Amino acid sequence: SVSRAFWEHLRHLGLQDFPCGLGSWNKSRFDACTRPRKGQPGLGADPAGQEEAMLLGDESPEALMELLSDWHSPWALPPDCSPQDQHLREMAVLAPELVHGSRIFQVLRSLRIVGKGVEEVDNGLLQLQQLEELILSANQISSITSANLPRTLKVLELCCNAVADLQDLCTQPPPELQHLGLGYNRLCGPSQDKYLTADFWPNLISLDLSFNNFTDLLGLVSQLSSLQKLRILVLQGNPLVLIPTYRGFLVDSLPKLSILDDIHIGPDERHQFHGLARQPELIRSEARVVVSIGEIKGVPDPSARQPLEVGSEAPAITYSYCVMYKF
């Protein structure tokens, strides 16, 4: 489940272990912050008092932070770690009480669980009351119960999973979601088109449906047109992109779209395809495929026939080939 992967991820970060957390390396510094001074309980010590109270074995915050940032340090995170992970480690040095136990639920705004074999999005996520970004790419998720998602979510990335149905996700979807990533899944139209409307995603700005199995361009566009805030759309890798008028029809049908399939839509392109949305008859149930073969080795050339001498009884040898494409 996501919860199990989350706790395993926190254990890997070592937020309670040196140089993070509380220990002999910084205990006197935090004792000084909470120790009453001169009959004034609760005010704590000033910086000079903290420095005075530090024991010989204590490490300064600067020295501990350097252990996190120096790539030669055994405690440094790998270069490809997320900014959120780095921020949590730094917080565990400067203010370890904020990431201790359940308090971490209040500070975590982004969660990235990638390639961990997660199959279930359980209700443990609801403890992350400030979570805005959830990235669950390259797992084994086939269905998501929207009731288990924090209502604060703005980004939900589910690329490279096994999602085939959006019904459970759309039961109580996060109302403020701005990006929904569903690329490289198993979605098929037109049964899933009805879940891609403003009724479920009123604030959606970016939608990735790449490399699924959507085939009905007209049906999909009729649903997407209700997403008034949609600016970025990715559909590449679906069968419908093989329709000759695919891009032009989408550009004219969704006038507020800024980027289609990672390509910016400029004024010239809008002018070129103006009026195409009013001509759906141009969208035919056919595809256009261009195949270019640079060079073939190891087979005889059919055009290089050897001429036979007049009166020769030798058999004529010809070559022909059949090429088949399976989709």
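As shown above, the structure is provided for reference.
Quick look at the structure, then. All values derive from a computational prediction rather than experimental measurement.

Contact pair helix α6 (residues 217-224) / helix α7 (residues 246-253): the axes reach a minimum separation of 11 Å and the direction vectors enclose 20 degrees. On the basis of the axis angle, α6 is roughly parallel to α7. The interaxial crossing formed by α6 with α7 has right-handed handedness. Residues Leu217, Leu218 and Val221 of α6 touch α7, and the partners they reach there are Tyr246, Phe249, Leu250 and Ser253. Split into classes, the residues belonging to the contact of α6 with α7 amount to 6 nonpolar, 1 polar and no charged.

Further remarks concern the sheet that holds strand β3 (residues 155-157). What the 8 strands build is an open sheet, ordered β1-β2-β3-β4-β5-β6-β7-β8; its pairing is mixed. Each of the sheet's edge strands pairs with one partner strand only, and the pair in question is β1 (110-112) and β8 (263-264). Relative to strand β2 (residues 133-135), β1 is paired through 3 bridges, and the arrangement is parallel. Within β2, the residue paired with Ser110 across the bridge is Glu133.

Three or more residues of helix α4 (residues 61-69) are buried, namely Pro61, Leu64 and Leu68. Taken down its axis, α4 places every buried residue within 70 degrees of arc, on the same side. Of the residues in α4, the exposed ones pointing more than 90 degrees away from the buried face are Glu62 and Glu66.

To continue, consider the environment of Leu187. Within the secondary structure, Leu187 is located in the loop between β4 (179-181) and β5 (206-208). Linking Leu187 and Ser210, residues 23 residues apart in sequence, is a C-alpha distance of 9.9 Å. Other than its neighbours up to four places away in sequence, Leu187 contacts Val163, Ala164, Asp165, Leu166, Leu182, Gln192, Leu209, Asn212, Asn213 and Phe214.

Moving on: the side chain of Asp261. Here Asp261 shows up in the loop between β7 (259-260) and β8. Of the side chains with opposite charge, Arg247 lies nearest to the buried Asp261, which makes no salt bridge, at 4.9 Å. Within the structure, Asp261 has its side chain in polar contact with the backbone nitrogen of Gln236 (distance 3.0 Å). Of note is the side chain of Asp261, whose polar atom sits 2.6 Å from the side chain of Tyr246.

By size, the foremost hydrophobic cluster in this structure holds 70 residues, and its most contacted members are Leu111 and Leu233. Counting residues per element, the ones that place at least two in this core are α1 (2-13), α4, α5 (83-94), α6 and α7. It is α1 that contributes the most residues to this core, 5 residues altogether. Apart from residues no more than four positions distant in its own chain, Leu111 is found in contact with Val2, Phe6, Leu125, Leu128, Leu131, Glu133, Leu134 and Ile135.

Turning next to unusual backbone geometry. The phi angle at Cys160 is positive, at roughly 60 degrees, despite the residue not being glycine. Structurally, Cys160 is set in the loop between β3 and β4.

Mapped onto the fold, Val114 is located in the loop between β1 and β2. A residue is classified by how much of its surface remains accessible, and Val114, at 30% relative accessible area, is partly exposed. Ignoring any residue separated from it by four or fewer positions in sequence, one finds Val114 in contact with Ile135, Ser137, Ala138 and Asn139.

Applying the stated criterion across every chain yields a total of 2 salt bridges. The salt bridge involving Arg109 is made with Glu132; its shortest N-O contact spans 3.4 Å. Here Arg109 is found in the loop between α5 and β1, whereas its partner Glu132 is found in the loop between β1 and β2, with 23 residues between them in sequence. Among the salt bridges present, the one from Glu269 reaches Arg247, with a minimum N-O distance of 2.5 Å. With a gap of 22 residues between them, Glu269 in helix α8 (residues 267-272) and Arg247 in helix α7 connect regions that are remote in the sequence. Taking the relative accessible area as the measure of exposure, Glu269 reaches 17% and is therefore buried.

So, how was this worked out
Residues numbered from 1 in each chain as written. Predicted model: local features only at pLDDT ≥ 70, side-chain atom pairs only at ≥ 80, totals over all residues. Heavy atoms only, no water. Axes fitted to C-alpha atoms, helices over the stretch in contact; angles between N-to-C directions. Helix = DSSP H or I, 4+ residues; strand = E, 2+ residues; numbered from the N terminus. Parallel < 35°, antiparallel > 145°, perpendicular 65-115°, else oblique. Left-handed = near helix turned anticlockwise from the far one by under 90°. Contact = heavy atoms within 4.5 Å. Nonpolar A, V, L, I, M, F, W, Y, C, P; charged D, E, K, R; others polar. Pairing = 2+ DSSP bridges. Buried < 20%, exposed > 50% of the residue type's maximum accessible area, 1.4 Å probe, protein only. Arc of directions from axis to C-beta. Lys, Arg positive; Asp, Glu negative; His and termini not counted. Salt bridge = Lys/Arg side-chain N within 4 Å of Asp/Glu carboxyl O. Polar contact = N/O pair within 3.5 Å; in protein donor to acceptor, adjacent residues only side chain to side chain. Core = buried A, V, L, I, M, F, W, Y, C linked by side-chain atoms within 4.5 Å.

Coordinates in, geometry out; function isn't part of it.
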